[in-house]
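What the coordinates show
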Amino acid sequence: MEASYKSESESEAWPGTQRPGTRTVSAAVREHLRKLCLREFPCGAGSWNKSRFLPQTWRTWREVVPKEEDVVSPGEETVEDLLGLVRSPHSPWALLNDSNAEDSFLRELAIRNPLMITDTFFYSYFRSLRVVDKEVTLVDKDLLKFLKLEELVLSANRIKEVDATNLPPTLKVLELYGNEISSMECLCAHPPASLQHLGLGHNKLLGPLESLYVTADHWPNLVSLDLGFNDLTDLQSMVASLRTLRHLRLLVLQGNPLALVPYYRGLTIDSLAQLCVLDDITVSPNEKHLFRGLSLNGDLLAQEAQFVVTIGNIRGVLDTSVLDPEPGPEGPFVAYSYYVTYDFVRDEEGEADEDTGELAEIVKPSPSSELLVEESPEEVGEDVIKDIVGGVTEEVEGSLESEVEESGESELSVISGPSTVLQTPRASAEELAKLRLRIDPRLCPSPGTVLFNTTHKPWAEVIPCGYEMQHSLRDLVPLKAFLLAGTTVTIVEEKILSWPVVLPAVDSPLSAKRGKGEKDKKGKEKDRKGQGEKEPAKEWKVPKKKKELPKELRQDPPILQVLGRGLVILEPLLAGEPLVSTVCNFGMVRTLTSDRLTLARDSKKIKKVAKKEKPKAVNPIYESDYHPEPLTVEVQIQLNQCRSAEEALRMFAV
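Residues numbered from 1 in each chain as written. Predicted model: local features only at pLDDT ≥ 70, side-chain atom pairs only at ≥ 80, totals over all residues. Heavy atoms only, no water.

**Things to note about the overall build of the protein**
On a plain count of helices and strands, the protein comes out with 17 helices and 22 strands. Sequence separation of at least 24 residues holds for 76% of the intrachain contacts in the protein that already meet a minimum separation of 6. (Helix = DSSP H or I, 4+ residues; strand = E, 2+ residues; numbered from the N terminus. Contact = heavy atoms within 4.5 Å.)

Right, dumping it as structure tokens:
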């Protein structure tokens, strides 16, 4: 039989049954039985049914003869009427909505035969106790009074340790999901010898020593074991201990950092030949064949997880350049580029990717939420500009990885260009602080993570990022925390203002060259006139009308603006899913005005390209038919998984 108990406040327990600050299992059981009101109307023995429980006395034969009239005394209720009061959902004595069939059975038993409701009956009656979400902190010795208890469920409580000597020896099922147990050592002091299922999922099991407590010496009859969603990391040691459990058929390890390594399923299946179900997925004969022999080389496999991040197309970006005025001869010349950033956990144990040239520094940002530069570069001086613009040491194709300097107090400094690397000298920290680049704090990675970004691309209706990056991580515990938190994807617009560099005037060399050039030019004109040639007016007039950009430009620090930002949920990767693929939708950012300006600009370009041909008509944009595309970006994150023993040994053999 079974009794199920739902959430109760700690203050409702009987006084004197527990120490202050603790709540025992037996106190929760008594509290629930008291709420059933098994000794109160309509249950129990009272004035409403006293004639049925009066002591039997000697009666004459005339009194024994049945009578036609009702034998129930005035003021009493029949058994059927009392049962109707507890069965009807509209009755004030009906059971609560969260009650189960066991509670209903006890209520009806207390009506039919209330004299059976005693402590002795309870201790011999219950074979299953479910104390769920009751704020229980202590498994007390009163549980030993339940002589036939086979199933004990204490999930979603606050239990940190379990005194195994207080567990009934008849237990076959013990579930402790969602508690605060940090080690199985407390259970192994005096474990129930006949236990067949042990559930310790969603606890705080951590450390390589936990594998010492899952051997046949402690659990000789264990058939099912659930250790999912803890912090276990050593896969090789765990499967070596589980191999001693000869009766083990069902195993759950997903949600642990050790389940993130690509060969996790293959090594576990090959190590536990008798296993039938792993992580709620049936072990097929084909899997056993593909991973055969992998356990023989398990100690040679590197314990690291591999992820591949792919970022596809960006759509719905507002073309900001059409809103800027035309630059004059003195500037500024404005350039826009767009890219996507995401954060990923930093690998403390793994080696940095020094050969890719992606590492760059990002110092702590200003707490201000403004996006633009507060002070102009001219107010700071040319030396600071050189420190920023000249700090680029290498340009690479790919992504930009940025680290958070914990000791620095200067502002965020980013330089333009495709995947550039900014080396910020510590001596210029004060100067950078004076510059005070006000950048949205959302561009900065979370603590313990590293910021990556795609290659800068110009505006287009569809901006193809074409980004793919593989992350290899050996520090698995922070990786689990990162997957639970998810990654933040941001679409960034970078605006760079460029100004002509004014060169110092030099009189003598330039004037001499200019004079010589004018003489040669006049001489050529006389020769052409003497020969009767016509002057090529077009050839000489075009250079005068053509406006050439200055060859040398000075760039201001980039102005960054967040166009869209959202969280990508990565918890499915921890729960066993191999792939998370999504389209991040940040809503509408384009406007009817900007799209009309973009359309007009594109129409001019078409006319310039096709001078001789008749340009194609461009349909105007009407407000009634205007349905802009939302700002979106395609993101895909895949957890690498080995499909055979050969693949695992080829990729991860040390």
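Here the narrative resumes.
**With respect to the side chain of Ser-498**
Tracing the chain through its elements places Ser-498 in strand S18 (residues 487-500). Here Ser-498 falls in the buried class, since its relative accessible area comes to 8%. Contact partners of Ser-498, with chain neighbours within four places excluded, come to Pro-332, Phe-333, Leu-553, Arg-554 and Gln-555. (Buried < 20%, exposed > 50% of the residue type's maximum accessible area, 1.4 Å probe, protein only.)

**Observations concerning the pattern of salt bridges**
Under the definition given, this model contains 10 salt bridges. With its nearest N and O atoms 3.0 Å apart, the salt bridge here joins Glu-108 to Arg-87. Placement of Glu-108 in helix H4 (residues 101-112) and of Arg-87 in helix H3 (residues 79-87) is noted, with a sequence separation of 21 residues between them. Measuring nitrogen to oxygen at the nearest pair gives 3.0 Å for the salt bridge that ties Asp-231 to Lys-480. With Asp-231 in the loop between strand S6 (224-226) and helix H6 (235-242) and Lys-480 in helix H12 (residues 476-485), this pair connects stretches of sequence that are 249 residues apart. (Salt bridge = Lys/Arg side-chain N within 4 Å of Asp/Glu carboxyl O.)

**Looking at the sheet that holds strand S22 (residues 632-639)**
The strand order across the open sheet built from 4 strands is S17-S10-S22-S21, with neighbouring strands paired in antiparallel fashion. For this open sheet the edge positions go to strand S17 (462-473) and strand S21 (579-585), each flanked by a neighbour on one side alone. Direction aside, neighbouring strands of the sheet carry axes that sit 10° apart on average. (Pairing = 2+ DSSP bridges. Axes fitted to C-alpha atoms, helices over the stretch in contact; angles between N-to-C directions.)

**Examining the environment of Arg-112**
Secondary-structure assignment places Arg-112 in helix H4. Of the residues examined, Arg-112 reaches a relative accessible area of 47% and is grouped as partly exposed. As a C-alpha pair, Arg-112 and Leu-83 span 29 residues in sequence and 8.6 Å in three-dimensional space.

**A closer look at the packing of H3 against H4**
As a packed pair, H3 and H4 sit with axes 10 Å apart at the nearest point and diverge in direction by 160°. Looking at the two axes, H3 sits roughly antiparallel to H4. When the axes of H3 and H4 are compared, the crossing they make is right-handed. Across the interface between the two elements, Val-79, Leu-82, Leu-83, Val-86 and Arg-87 of H3 pack against Arg-107, Glu-108, Ile-111 and Arg-112 of H4. (Parallel < 35°, antiparallel > 145°, perpendicular 65-115°, else oblique. Left-handed = near helix turned anticlockwise from the far one by under 90°.)

**Side note on the packing of H6 against helix H7 (residues 264-271)**
Relative to each other, H6 and H7 sit at 25°, their axes nearing to 9 Å. By the criterion of interaxial angle, the relationship of H6 to H7 is roughly parallel. Read as a crossing pair, H6 and H7 show a hand that is right-handed. Every residue of H7 that contacts H6 at Leu-235, Gln-236 and Val-239 is listed here: Tyr-264, Leu-267, Thr-268 and Ser-271. Looking at side-chain class alone, the contact of H6 with H7 contains 4 nonpolar, 3 polar and no charged residues. (Nonpolar A, V, L, I, M, F, W, Y, C, P; charged D, E, K, R; others polar.)

So yeah, pure geometry; function would need other evidence.
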